[in-house]
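Overview (structure and organization)
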Amino acid sequence: MTSLSKVGSLALHWAKGKALHLILFCLLVLYVFNANALYTTFFLKNGKPVSGKIQRPTQTKDFQYGFAPTPVEEVRYGGEDLYALRGYALHNTLPSTKYLIKIVLRSDNAELVFTGDPPAVPNLLLSRPDYNKSMDEAEFRMLFSKNVLKVGKYQIGILLTDKQGRALSYQWTASSIERTPNTIRFLPGNQP
Amino acid sequence: MTKHIKGFLLPVLIAFSPIIFLYSHNAKVLSIGNLVVPLLGSALFAAILYGLFYIFQREPVSASLSAVIFLLANFFYGSIYAYLLKKNRFPVEHFTLLPVVVYLACYAAYFFKKTIRPAIGEVIQTILLVGAVVMVGYNTAKVVPIEIRKANLSNTGPAPAASAALESPSKKYPDVYYVILDEYAGFDTIRQYWHENYVDSFEAFLKDNHFFYADQSRSHTSATILEVASRLNFQSYPDTTDQLSLVKAITDSKVMRLFKSYGYTTVAFSGPFPPYNADYNFGDASQVVPDNAVGTSEFQQMLIENSMLDAFSSALQNNTTSAKELDYIKYEFTKISSLSEVKSPKFVVAHLLFPHVPFVADKEGNVLDPMYQYNWNYYLGQHMYATRLAQELITRLLKNADPDNPPVIIIQSDHGARNEKRPTRDSIILDNFAQHYQNNILFALYLPGYDTAQLPRKIDPIDTFVIVMNHYLDAGIHADK
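These notes cover the structure that comes with them. Sequence order as written defines the numbering, with residues in each chain counted from 1. Chains and ligands are labelled by the order in which they are written, letters from A for the one and numbers from 1 for the other. With the structure being a predicted model, the display of local features is reserved for residues of pLDDT at least 70 and the display and counting of side-chain atom pairs for 80 or more, all residues being used for whole-chain, interface and lining totals. In computing side-chain values, all of the structure's heavy atoms are included and hydrogens and water are not.

**Overview of the overall build of chain B**
Secondary structure summary: chain B contains 16 helices and seven strands in total. In chain B, 73% of the contacts between residues at least 6 apart in sequence involve partners at least 24 apart. Under the convention used here, a 1.4 Å probe and the Shrake-Rupley method define accessible areas, while residue burial counts only the protein chains that appear. Of the roughly 20800 Å² of accessible surface on chain B, 60% is carried by carbon and sulfur atoms. Runs of E in the DSSP output that reach at least two residues are strands. Runs of H or I that reach at least four are helices, and both are numbered from the N terminus. Contact definition: two residues touch when any of their heavy atoms are within 4.5 Å.

Below, the structure written as structure tokens:
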């Protein structure tokens, strides 16, 4: 007991002498483990999932979807290094001007919803025999930052909503996105 | 005071070392002006470091050595970042790695001060100082003769008048425009690799405007310097030829001298090379990226990527760098067709670094983000825009032409698309890009009054000025191949 308290008092004495160094070290460790959360909360402006709970219906098979030949590309947008997932979701009956596209990324422990914005140069549906200009709005480009995804595999889902955000149709695709510590990979599934 | 000078000098020289080393390996094609900002910046950085460490340590020798430790961390930061990124064991972000490296560097300096006795510190400082002086001195000594030779390149005298010109001074020679689109892929490459057909309309445009298009012409090599030197001197050069001799052959070429001897006013847009021995020079080599070595942008990018500045590269490389490059290219295209201040007959040689890297424009001519400057997926867009600019240039030249004495126009690429990996992290090349595409060039000739039916479709580009000068100037030239 005596020797234990001796060790304790020696350790305390040593720690007092090195207090500044210990504080600095702890601060650094604290920062390193929370830096990503700080970055995504206070600095990252684009490529974040939409906040709030989004209702999605059970799966429907009333739209066709597909991805670009290079589905995921690194892009710099608004001064930030992001990734863009490109594809289309073409409803069987609704004109593409009547709905908005959202992308759902689902892993074992998270479900994130991103907005799919119209790409600057829509060209994925040009080769369809029934192509018309309004189909361009069925194309999407989803910007996302790898910092908002934890390491793991995310199945891609496509959600169509009306202009007020009410869910219309929903499908899980067979494709997924994998985030490794420093890369993003698209894992293709069999497209319908 | 001496201690402070010595203490300050060591980190400054250490900071200079990698910059001068990198420059000395690329001095033949870079402008000395490229050194100013990096040297001033690193001197300031070293001075601030020395000052900060002196404030905390109150000892010139240890402050000096601490600054050196920090500078070494700075030099290796980029490599550490790239290594960890490649290993992919844990997420690597500048916002975490930079504070950790700064923390470790400061503690390394702290422990150095705590454990090394002042006398030993002074010995280490002296050894390092001698080493830094030798390193900087050695690389500077390598640079000096190159700079002297570069300065002498344009100091050549005027060419004598040709006898034909003296005999008939009143003969009306046509203006001659020689436009080199650097790395412009020939039409076959665009059709075969990219399966794009926009070149069909450019080919039709050329034919509609009575251009002869040599669709089977190929460059001998994929090296700009060899190609341009050979075409401007009617002779081929072995690829072992000293680079400075080739630069001299380009800036003071036989073609330029011959045109001068016929009374031509000469104009040069020198592209990647030093100013030509011309009456008017519009090129600015410091603005553009040369061949065979890192260019202005790459030189700065490499310095940034290897230091702690890498963490701020997004902010440092905003769109203005690409916008500036693109503005310069557009200016050149416009200026070629508006040289009213230049007396005719004129010979205009315009070496345009377009669609050569850096990729700065999309197919519409919008400025691309600088991260794509060395990404070959963006070559096609730049090629499309180059095609549009070339077509507009030809239209303007023909519109402004004197109907009684129309100009000769040569639109040519030095070599085709090379799909070369560049020494920067953002460099991405294309898959399955055949080697032979790099020799597939654009070669179109507008030769008023010349029966182009006699020209073969696979004209050797070295014969370009043999054809032009023999027909329009009666120069009696033969190419030496």
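**Topic: the side chain of Ser337(B)**
In this structure, Ser337(B) sits in the loop between α14 (319-336) and β5 (346-352). Leaving out residues up to four positions away in the same chain, Ser337(B) has contacts with Leu393(B), Arg396(B), Leu397(B) and Asn400(B).

**Focus: the environment of Pro38(B)**
Residues and elements named next belong to chain B. Within the secondary structure, Pro38 is located in helix α2 (residues 36-57). Expressed as a C-alpha distance, the spacing of Pro38 and Gln300, which sit 262 residues apart in the sequence, is 7.9 Å. Those residues in contact with Pro38 that sit more than four places away from it in its chain are Ile19, Phe299 and Leu303.

**Description of the pattern of salt bridges**
Residue and element names in this part refer to chain A. We define a salt bridge as a side-chain nitrogen of Lys or Arg found within 4 Å of a carboxyl oxygen belonging to Asp or Glu. Scanning the model with the defined rule gives 19 salt bridges over all chains in all. The shortest N-O distance in the salt bridge between Glu139 and Arg86 comes to 3.0 Å. On the criterion of sequence distance, the pair formed by Glu139 in strand β5 (residues 139-144) and Arg86 in strand β2 (residues 80-91) is long-range, its members being 53 residues apart. Accessibility assignment for this pair places Glu139 and Arg86 in one class, buried. With its nearest N and O atoms 2.9 Å apart, the salt bridge here joins Asp136 to Lys133. Each residue is assigned to one of three classes by its accessible area relative to the maximum for its type, calculated with a 1.4 Å probe on protein chains only: buried under 20%, partly exposed between the two thresholds, exposed over 50%.

**Some words on the packing of aromatic side chains**
Residues and elements named next belong to chain B. Aromatic pairing here means that ring centres of Phe, Tyr or Trp (its six-membered ring) are within 6.5 Å. Orientation follows from the plane angle: under 30 degrees is stacked, over 60 is edge-to-face, and everything else is tilted. On inspection of all chains with the given rule, the structure shows 39 aromatic pairs over all chains. With a centroid separation of 5.8 Å and an interplanar angle of 65°, the aromatic rings of Tyr107 and Tyr110 are classed as edge-to-face. Of this pair, Tyr107 and Tyr110 both sit in helix α4 (residues 94-115), three residues apart, roughly one helical turn. Accessibility expressed as a relative area gives 14% for Tyr107, which makes it buried. Classification of Tyr110 by relative accessible area gives partly exposed; the value is 28%.

**Let's talk about the pairing of strand β8 (residues 184-187) of chain A**
One requirement defines pairing of two strands: DSSP has to find at least two bridges between them. Bridge count between strand β7 (residues 167-179) of chain A and β8(A): four bridges; the pairing is antiparallel. Paired with Ser176(A) across the bridge in β8(A) is Leu187(A).

**Focus: the interface of chain A and chain B**
Listed by partner, the interface residues are 21 residues for chain A and 20 residues for chain B. For the pair chain A and chain B, the summed buried area comes to about 1800 Å², and 53% of that belongs to carbon and sulfur atoms. Buried area is a sum: the accessible area each of two parts loses on coming together, probed at 1.4 Å, counted once for each and added. On the chain A side of the interface with chain B, the three residues burying the most area are Leu28(A), Arg76(A) and Asn182(A), jointly 36% of the side's total. In this structure, the connection of chain A to chain B is made through one salt bridge. Residues adjacent in sequence count toward polar contacts only when both atoms are side-chain atoms; beyond that, a polar contact is any pair of N or O atoms within 3.5 Å, and within protein one must be able to donate a hydrogen and the other to accept it. At the boundary of chain A with chain B, the tally comes to nine residue pairs in polar contact (both at pLDDT 80 or more). Mapped by element, the contributors of at least two residues to the side of chain A that touches chain B are α2 (19-43) and β1 (63-77) of chain A. By residue number, the principal contributor to the side of chain A that touches chain B is α2(A), which donates nine residues. Of the residues assigned to the side of chain A that touches chain B, the class counts are nine nonpolar, seven polar and five charged. Residues are sorted three ways: Asp, Glu, Lys and Arg are charged, Ala, Val, Leu, Ile, Met, Phe, Trp, Tyr, Cys and Pro are nonpolar, and all the rest, Gly among them, are polar.

**Quick look at the pairing of β7(A)**
Residue and element names in this part refer to chain A. Of all 13 residues in β7, ten are buried, a share of seventy percent or more. Pairing analysis gives nine bridges linking strand β6 (residues 152-161) to β7, with the strands arranged antiparallel. Each bridged residue has a counterpart across the sheet, and for Tyr154 the counterpart in β7 is Ile177. Two successive antiparallel strands, β7 and β8, enclose a turn made up of four residues.

**Re a nonpolar patch on the surface**
Residue and element names in this part refer to chain A. Only residues above 30% relative accessible area that lack a salt bridge enter a patch, with like-charged residues linked at up to 9 Å and the nonpolar side chains Val, Leu, Ile, Met, Phe, Trp and Tyr linked at up to 5 Å. Together, Leu20, Ile23, Leu24, Leu27 and Leu30 give the surface a local cluster of nonpolar side chains, amounting to about 500 Å² of exposed area. Position of Leu20 among the secondary structure elements: in helix α2. Assessed through its relative accessible area of 57%, Leu20 is described here as exposed.

**Comments concerning the sheet that holds strand β3 (residues 265-269) of chain B**
Residues and elements named next belong to chain B. The strand order β2-β7-β6-β1-β5-β3-β4 describes an open sheet built from seven strands, whose pairing is mixed. Two strands bound the open sheet, and with one partner strand each, they are β2 (212-213) and β4 (280-281). Relative to β4, β3 runs parallel, the two sharing two bridges. For Ala268, the partnering residue across the bridge sits in β4 and is Asn281.

**Examining helix α16 (residues 464-472) of chain B**
Residues and elements named next belong to chain B. Most of α16 is tucked away, with seven of its nine residues classed as buried. Contacts made by the buried residues of α16 are with β1 (176-181), α9 (224-231), α11 (254-261), β5, β6 (408-412) and β7 (443-446). One or two steps after α16, the chain reaches Asp474, where phi turns positive at roughly 55°.

**Comments concerning the environment of Tyr39(A)**
Summarising the element assignment, Tyr39(A) is placed in helix α2. Residues Tyr39(A) and Val148(A) lie 109 residues apart in sequence; the distance between their C-alpha atoms is 9.7 Å. Ignoring sequence-local partners within four residues, the contact set of Tyr39(A) consists of Leu44(A), Asn147(A) and Phe95(B).

**So, the environment of Ser62(B)**
All names here are of chain B. By secondary structure assignment, the location of Ser62 is in helix α3 (residues 60-87). With a relative accessible area of 9%, Ser62 lands in the buried category. Not counting the four nearest positions on each side in its chain, Ser62 is found in contact with Gln57 and Lys113. Within the local environment of Ser62, its side chain forms a polar contact with the side chain of Gln57, the two groups lying 3.2 Å apart. A distance of 3.3 Å separates a polar side-chain atom of Ser62 from the backbone oxygen of Glu59.

**Side note on the packing of α2(B) against α3(B)**
Residues and elements named next belong to chain B. Convention adopted: a line fitted to C-alpha atoms gives each axis, helices being fitted over their contacting stretch, and angles between N-to-C directions are expressed from 0 to 180 degrees. Their axes nearest at 8 Å, the elements α2 and α3 cross at an angle of 130°. With respect to each other, α2 and α3 are oriented oblique. Crossing of α2 against α3: the hand is right-handed. Contacts between α2 and α3 involve Phe45, Ala46, Leu49, Tyr50, Phe53, Tyr54 and Gln57 from the first element and Pro60, Ser62, Ala63, Ser64, Ser66, Ala67, Phe70, Leu71 and Asn74 from the second. Roughly parallel here means an angle under 35 degrees, roughly antiparallel means over 145, roughly perpendicular means 65 to 115, and every remaining angle is called oblique. Crossings are assigned a handedness: left-handed for a near helix turned anticlockwise from the far helix by less than a right angle, right-handed for a clockwise turn.

**A few points about the sheet that holds β7(A)**
Residues and elements named next belong to chain A. The strand order across the open sheet formed by five strands is β4-β3-β6-β7-β8, and the pairing between neighbours is antiparallel. What marks the edges here is a single partner per strand, and that holds for β4 (111-116) and β8. Mean inter-strand twist for the sheet, computed between neighbouring axes without regard to direction, equals 35°. Pairing between strand β3 (residues 100-106) and β6: seven bridges, direction antiparallel. In the sheet register, Ile101 faces β6, and the bridge partner there is Leu160.

That is the geometry; function is a separate question.
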